[in-house]
Amino acid sequence: MCARHRQAGIDPRRLAVCAAVLLAWLAACAVPSAPPTELTVYAAASLADAFTELASVFEAANPGARIVHSYAGSNQLAAQINQGAPADVFASANTAQMGVVAAAGNVVPGAERIFARNRLVVVVPKDNRASVRTLQDLGRPGLKIVLADRAVPAGAYALDFLTRAEALPEFTADYSQAVLSNVASYEENVRSVLGKVVLGEADAGVVYTSDVGGTARDKVARIEIPDPLNTPAAYPIAIVKATKHAALAERYVAFVLSPDGQAILARHGFLPAAP
Amino acid sequence: MPMALFLFVPLVALVAGAEPARLLANLGDPAVASAIRISLTTTLVSLALSVVAGTPLAYLLGRRRFRGRGALDTLIDLPMVLPPSVAGIALLLAFGRRGLFGQFLDDAGVSIAFTSVAVVLAQTFVAAPLFVKSAAAGFGEVDRDLEQAAQVDGATGAQTFWHITLPLSRTALITGATMSWARALGEFGATIIFAGNVIGRTQTMPLAIYIGLEGDLSAAVTLSVLLLIVSFGVLFLVKGVLHRRV
């Protein structure tokens, strides 16, 4: 109807009627009911699998809610939030990065809650061609080790482990230095560390135990880090002050802390929030 | 006008976000200095590699008609179109010590991944096509009559190339080289996957900016501003040279 024009040019009145009809039809079709409320969750890279499952369970229990995630190193997420990124909830892999966000006034001070813990573990490729069997082996010259960068929580925790080990008699006094001189790359998120070990491009890497659950389990072998040397990573979660969905954000955080949420996290290899 | 503004405003915001005092202080940081050094040396090497190895390819592409030319042309486009991280994964799978090609190198004791050689290779992979395409276009546009005239006068193929073809395609070659260098300077995704990130060995300026030097945003801004100044300076210089000679 609108495409026919017998005179030169299109009759503007006809065009206006056509446009109005089209818009009204589109409006009627596009909004059958209220649009879902989107909650944006900024979460550390190590939380990716667990949070995806948490989101689908939460969305099923809360029709009308939709969770959108952004996963990256916690330091990057903290910087983005401080620059005004539209996050509603921030789940960090260490309290330091939550502190960065709190210091800039972007979370309510004291509102953060620890929702999970994690531990470090050394992983080596399944075929372990470099024969890395003990923690001491990591200091052997010529190895290619991959760690997360110190700016990333996993990297900071790994450096802690090395410093603590050095103080023990079972390790040489220059253990930390020996291991660090073997480092071939400081990755910007812990999943990249795992990736390089899985590919066999690194002889060993330090990742979270939660990273070794799931698909990676069969592709790597583990060397445990005993408790005295292991920094229990504490993951805090908090609602971002500038959120426009405070009520939904509170429900979400409550869910993460609930027994159901904790069970999902445990299934993905995380330790419970309460030690 | 809106486009010019859109391109201009973020750069102004970047410079405005830098504090001059911290800028100077950060320049003294050894990590910052080594990032600058690594970036400049690796990009110069990858530029040289792109030009030396890319010119024959560009000549072939720009001048000869042969079966499969279209496929070759598309192949050369691929590294420019691929997301850089895909390029990085591909390079790792090819030249890493368990890689398709790399495993043989590894047996011979040669290791490429996680070295500055890998930085150069990653940069060359993504940036060389920019030079090759521009050079090919330049070579293709050279008037054959001029070349034939030279050969009638007794010039050899090589002399014709050096004295006729090359000068006449100079603008395309310089533009291509500049774009290639700029792309290499900004290369991040392929570098961090294939070459890794170690301060003083493989951490280029873009890597240092991204990792934020231990979460310190001010150091990242310093490097960003520096990258901006270096890029602007070189591009300005090159444009000046081109306009003067043309």
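A brief report on the enclosed structure follows.

**Topic: the overall build of chain B**
Stage number 1. The helix and strand inventory of chain B stands at 13 helices and 0 strands.
Stage number 2. Ordered by position from N to C terminus, the α and β elements of chain B give α-α-α-α-α-α-α-α-α-α-α-α-α.
Stage number 3. For chain B, the spread of C-alpha atoms along the principal axes amounts to about 65 × 50 × 30 Å.
Stage number 4. Within the span of chain B, comprising 246 residues, buried residues form 39% of the whole.
Stage number 5. Of the accessible surface of chain B, which amounts to about 13,000 Å², a share of 71% is contributed by carbon and sulfur atoms.
Stage number 6. Side-chain charges of chain B comprise 17 positive and 14 negative groups, with the mean position of each set lying 4 Å from the other.

**Considerations on the sheet that holds strand S3 (residues 89-91) of chain A**
Strand pairing in a sheet relies on backbone hydrogen bonds, with the paired strands running either antiparallel or parallel.
Residues and elements named next belong to chain A.
Stage number 1. Ordered in space as S2-S1-S3-S10-S4, the 5 strands form an open sheet in which the pairing is mixed. Pairing within the sheet leaves two strands with one partner each, and these edge strands are strand S2 (65-72) and strand S4 (113-118). This sheet shows a mean twist of 20° between the axes of neighbouring strands, independent of strand direction.

**Topic: the environment of Ala33 of chain B**
Residues and elements named next belong to chain B.
Stage number 1. Here Ala33 lies in helix H3 (residues 30-63).
Stage number 2. Here Ala33 falls in the partly exposed class, since its relative accessible area comes to 36%.
Stage number 3. Sequence separation between Ala33 and Met205 is 172 residues; the distance between their C-alpha atoms is 9.4 Å.

**Side note on the side chain of Asn182 of chain A**
All names here are of chain A.
Stage number 1. Here Asn182 lies in the loop between helix H6 (175-180) and strand S7 (183-187).
Stage number 2. Within polar-contact distance, the side chain of Asn182 engages the backbone nitrogen of Gly142 at 3.5 Å.
Stage number 3. Discounting chain neighbours no more than four positions away, the residues touching Asn182 are Leu138, Gly139, Arg140, Pro141, Gly142, Leu143, Lys144 and Ile145.

**Re the interface of chain B and chain A**
Stage number 1. The interface of chain B with chain A comprises 21 residues on the first partner and 22 residues on the second.
Stage number 2. Carbon and sulfur atoms supply 53% of the area that chain B and chain A bury against each other, a total of about 1,900 Å² over both sides.
Stage number 3. Ranking the residues of chain B by area buried against chain A places Arg97, Arg98 and Phe114 of chain B at the top, with a combined share of 39%.
Stage number 4. Of the charged contacts, one joins Arg98 of chain B and Asp127 of chain A as a salt bridge, the two residues approaching to 3.0 Å between their closest N and O atoms.
Stage number 5. Those elements giving two or more residues to the side of chain B that touches chain A turn out to be helix H5 (84-95), helix H11 (189-194) and helix H12 (205-215) of chain B.

**Description of the sheet that holds strand S8 (residues 204-208) of chain A**
Residues and elements named next belong to chain A.
Stage number 1. With respect to topology, 5 strands assemble into an open sheet ordered S7-S6-S8-S5-S9, the strand pairing being mixed. This sheet does not close on itself; its edge strands, each paired only once, are S7 and strand S9 (220-224). Here the average twist between neighbouring strands, direction ignored, is 30°.
Stage number 2. Sheet topology note: the strand S5 (residues 120-125)/S8 ladder contains 4 bridges and is antiparallel. Note that in S8 the partner of Val121 across the bridge is Val207.
Stage number 3. Lying on the sheet, helix H7 (residues 190-198) is in contact with S5, strand S6 (145-148), S7, S8 and S9; it crosses S8 at an angle near 140°.

**Topic: the nonpolar core**
Stage number 1. Counting residues in hydrophobic clusters, the biggest one holds 72 residues, and the most contacted among them are Phe51, Phe115 and Leu135 of chain A.
Stage number 2. The next biggest cluster of nonpolar side chains, apart from the first, holds 19 residues, and it includes Ala184 of chain A together with Leu91, Val126 and Leu207 of chain B.

**Overview of the pattern of salt bridges**
Two side chains carrying opposite charge are able to pair once their charged atoms lie near each other.
Stage number 1. If you walk through the whole model with that rule in mind, you get 14 salt bridges over all chains.
Stage number 2. For Arg191 of chain A, the salt bridge is made with Asp211 of chain A, and the minimal N-O distance between the two is 2.8 Å. Remark: Asp211 of chain A occurs in the loop between S8 and S9 and Arg191 of chain A occurs in helix H7; sequence separation between them is 20 residues.
Stage number 3. Among the residues examined, Arg191 of chain A registers a relative accessible area of 25% and is labelled partly exposed.
Stage number 4. The shortest N-O distance in the salt bridge between Glu147 of chain B and Arg63 of chain B comes to 2.4 Å. Of this pair, Glu147 of chain B sits in helix H8 (residues 144-152) while Arg63 of chain B sits in helix H3, and the two are 84 residues apart along the sequence.
Stage number 5. Take Arg63 of chain B: its relative accessible area is 13%, and that puts it in the buried class.
Stage number 6. Look at the salt bridges and you will find they share partners, linking Asp49, Arg191 and Asp211 of chain A into a network.

**A word on the packing of H3 of chain B against helix H7 (residues 116-140) of chain B**
When two helices pack together, their arrangement is given by the angle between their axes and by how far apart the axes lie.
Stage number 1. Orientation of H3 of chain B relative to H7 of chain B, taken along the N-to-C sense of each, is 35°, at an axis distance of 6 Å. Of the two elements, H3 of chain B crosses H7 of chain B, and the hand of that crossing is right-handed.

**Considerations on the pairing of S5 of chain A**
In summary, the side chains of a regular strand alternate between the two faces of the sheet.
Residue and element names in this part refer to chain A.
Stage number 1. Buried residues dominate S5, accounting for 6 of its 6 residues.
Stage number 2. Every second residue of S5 is oriented toward a common face, with Leu120, Val122 and Val124 on one face and Val121, Val123 and Pro125 on the other, all of them buried.
Stage number 3. Here S5 pairs with S9 via 5 bridges, running antiparallel. Within the sheet, the bridge partner assigned to Val121 lies in S9 and is Glu224.

**Examining the pairing of S2 of chain A**
Residue and element names in this part refer to chain A.
Stage number 1. Of the strand pairs in this sheet, strand S1 (residues 37-44) and S2 are connected by 8 bridges, and their pairing is parallel. Bridge pairing in S2 links Thr37 to Ala65.
Stage number 2. Between the parallel elements S1 and S2, the chain passes through helix H2 (residues 48-61) in a crossover that is right-handed.

**Brief notes about the packing of aromatic side chains**
All names here are of chain A.
Stage number 1. Overall, the coordinates contain 15 aromatic pairs over all chains when judged by the stated rule.
Stage number 2. Summarising the aromatic geometry, the rings of Tyr157 and Tyr208 are spaced 6.3 Å apart at their centres and angled 70° between planes, so their arrangement reads as edge-to-face. With Tyr157 in helix H5 (residues 153-166) and Tyr208 in strand S8, this pair connects stretches of sequence that are 51 residues apart.
Stage number 3. The class of Tyr208 is buried, set by a relative accessible area of 1%.
Stage number 4. An aromatic cluster is present here, built from Phe51, Phe58, Phe115, Tyr157, Tyr208, Tyr235, Tyr252, Phe255 and Phe270 joined pairwise through their rings.

Rules of the game
Residues numbered from 1 in each chain as written. Chains lettered and ligands numbered in written order. Predicted model: local features only at pLDDT ≥ 70, side-chain atom pairs only at ≥ 80, totals over all residues. Heavy atoms only, no water. Helix = DSSP H or I, 4+ residues; strand = E, 2+ residues; numbered from the N terminus. Buried < 20%, exposed > 50% of the residue type's maximum accessible area, 1.4 Å probe, protein only. Areas by Shrake-Rupley, 256 points an atom, 1.4 Å probe, with all protein chains shown as cover. Lys, Arg positive; Asp, Glu negative; His and termini not counted. Charge placed at Lys NZ, Arg CZ, Asp CG, Glu CD. Pairing = 2+ DSSP bridges. Axes fitted to C-alpha atoms, helices over the stretch in contact; angles between N-to-C directions. Polar contact = N/O pair within 3.5 Å; in protein donor to acceptor, adjacent residues only side chain to side chain. Contact = heavy atoms within 4.5 Å. Buried area = accessible area lost by both parts, 1.4 Å probe. Salt bridge = Lys/Arg side-chain N within 4 Å of Asp/Glu carboxyl O. Core = buried A, V, L, I, M, F, W, Y, C linked by side-chain atoms within 4.5 Å. Left-handed = near helix turned anticlockwise from the far one by under 90°. Right-handed = clockwise from strand over helix to strand, strands pointing away. Phe/Tyr/Trp six-rings, centres within 6.5 Å; stacked < 30°, edge-to-face > 60°.

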